[in-house]
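Fold and geometry: a report
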Number of protein chains: 2
Amino acid sequence: MSHELDRLRAQMDEVNLKLLELLSHRAHLAQSIGQVKKKQGIHRFDPERERDMLERITKSNPGPFDNDTIRHLFKQIFKASLDLQQKNHKKALLV
Amino acid sequence: MSHELDRLRAQMDEVNLKLLELLSHRAHLAQSIGQVKKKQGIHRFDPERERDMLERITKSNPGPFDNDTIRHLFKQIFKASLDLQQKNHKKALLV
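Treat the numbers as computed from the prediction; the structure is a model and nothing was measured. (Residues numbered from 1 in each chain as written. Chains lettered and ligands numbered in written order. Predicted model: local features only at pLDDT ≥ 70, side-chain atom pairs only at ≥ 80, totals over all residues. Heavy atoms only, no water.)

This paragraph deals with the overall build of chain A. In terms of regular secondary structure, chain A is built from three helices and zero strands. Secondary structure elements of chain A, listed N to C terminal, follow the sequence α-α-α. For chain A, whose C-alpha radius of gyration is 17 Å, the value lies well above the compact-globule estimate of 12 Å for 95 residues. In terms of overall dimensions, chain A has C-alpha extents of about 55 × 30 × 15 Å along its principal axes. Counting only residues that meet the buried cut, chain A has 44% of its 95 residues in that class. The long-range share in chain A, meaning contacts at least 24 apart out of those at least 6 apart in sequence, stands at 56%. For chain A, the accessible surface area stands at approximately 5600 Å², while carbon and sulfur atoms represent 52% of it. (Helix = DSSP H or I, 4+ residues; strand = E, 2+ residues; numbered from the N terminus. Rg over C-alpha atoms; globule rule 2.2 N^0.38 Å. Buried < 20%, exposed > 50% of the residue type's maximum accessible area, 1.4 Å probe, protein only. Contact = heavy atoms within 4.5 Å. Areas by Shrake-Rupley, 256 points an atom, 1.4 Å probe, with all protein chains shown as cover.)

Attention now goes to the relation of the copies chain A and chain B. For the pair chain A and chain B, the relating rotation is 180°, the translation along its axis is 0.0 Å, and the fit reaches an RMSD of 0.0 Å. Here the copies are linked by what is in effect a two-fold axis. Considering only C-alpha atoms, the part of chain A nearest the rotation axis is Leu19 of chain A, at 3.4 Å. (Least-squares fit on C-alpha atoms with pLDDT ≥ 70 in both.)

Take the nonpolar core next. Leu19, Phe65 and Phe74 of chain A together with Leu19, Ile57, Phe65 and Phe74 of chain B are the most contacted members of the largest nonpolar core, which has 48 residues in total. When residues of this core are traced back to their parent elements, those giving at least two are helix H1 (2-40), helix H2 (47-59) and helix H3 (67-94) of chain A together with helix H1 (2-40), helix H2 (47-59) and helix H3 (67-94) of chain B. Not counting chain neighbours up to four residues away, the residues in contact with Phe65 of chain B comprise Leu23, Ala27, Ala80, Ser81 and Leu84 of chain A together with Ile70 and Leu73 of chain B. (Core = buried A, V, L, I, M, F, W, Y, C linked by side-chain atoms within 4.5 Å.)

Now for the confidence of the model for chain A. Predicted confidence across chain A gives a mean pLDDT of 92, with 97% of residues reaching 70 or more. Mean pLDDT values for the elements of chain A range from 89 in H3 of chain A up to 97 in H2 of chain A. (pLDDT = per-residue confidence, 0-100.)

With 55 residues of chain A in contact, the opposing surface of chain B contributes 55 residues. Taking both partners together, chain A and chain B bury about 5200 Å²; carbon and sulfur atoms supply 76% of that area. Its largest share of buried area at the contact with chain B, chain A owes to Met12, Pro64 and Phe65 of chain A, together 12% of the area lost on that side. Taken together, the links from chain A to chain B amount to eight salt bridges. Lys87 of chain B is paired through a salt bridge with Asp66 of chain A; the nearest N and O atoms lie 3.2 Å apart. For the side of chain A that touches chain B, the secondary-structure elements that each account for two or more residues are H1, H2 and H3 of chain A. The element best represented in the side of chain A that touches chain B is H1 of chain A, accounting for 30 residues. (Buried area = accessible area lost by both parts, 1.4 Å probe. Salt bridge = Lys/Arg side-chain N within 4 Å of Asp/Glu carboxyl O.)

Within the secondary structure, Arg49 of chain A sits in helix H2. Polar side-chain contacts of Arg49 of chain A include one of 3.3 Å to the side chain of Asp13 of chain B. Apart from residues no more than four positions distant in its own chain, Arg49 of chain A is found in contact with Arg9, Met12 and Asp13 of chain B. (Polar contact = N/O pair within 3.5 Å; in protein donor to acceptor, adjacent residues only side chain to side chain.)

What follows is the structure in C-alpha cells.
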C-alpha cells in the first residue's frame, strides 16, 4: 500500500511539472498579448475577455473540481499574468 | 496587428483547456491519494510533502513567473485538492 502511495505521488510530481510548464508558457503568451495591446493602445485588463475565457473553461470542466473552484484557480492565474505584464511595463518605463 | 492579437488569444484558449485538463487529472490523483491515506489511517494534510513538492517545482521554474508567484498558485491548487478530499470524506460519512 505504501508502494501505491509512492506511485501516485510520483505521478503527481510529474503532473506538477507539466502544470509549471504550461503556466510558464501561458505567462509568455500573456506577455506577448500585453505587448501587442500596448502598441495598439488597448488597456491590458479586459474583464470581458476574462469572463469569456472563464465561460469557455467552465463549459469544458470535466470535474472533479466544481466550477467555482475552477473559476477561483483561473482568476488567480489571470491575476498573476496581469501583475507580470504590469511589472514588465514598469521595467520598460524605467529604461 | 489585431490578427496577431486573435492568434495569441486562440493559443491562450488552447493553453487554458490544457491547464483545465491537467488540473482535473491532478484532482483525480489527489482523490486517489486521499483514499490510500484513509485506508492507512494517515492524515490527509501533509505540510512536509507540500514543502517538498513546492521545492521541486520552484527548482524547475523556468520563469517568467517568479518563485513567489509559482508558490502562491500551487498553494491554491493544493488547497483546492485538499478541500475536494475533505468533501469526499464527508460524503462517505453521510452514506
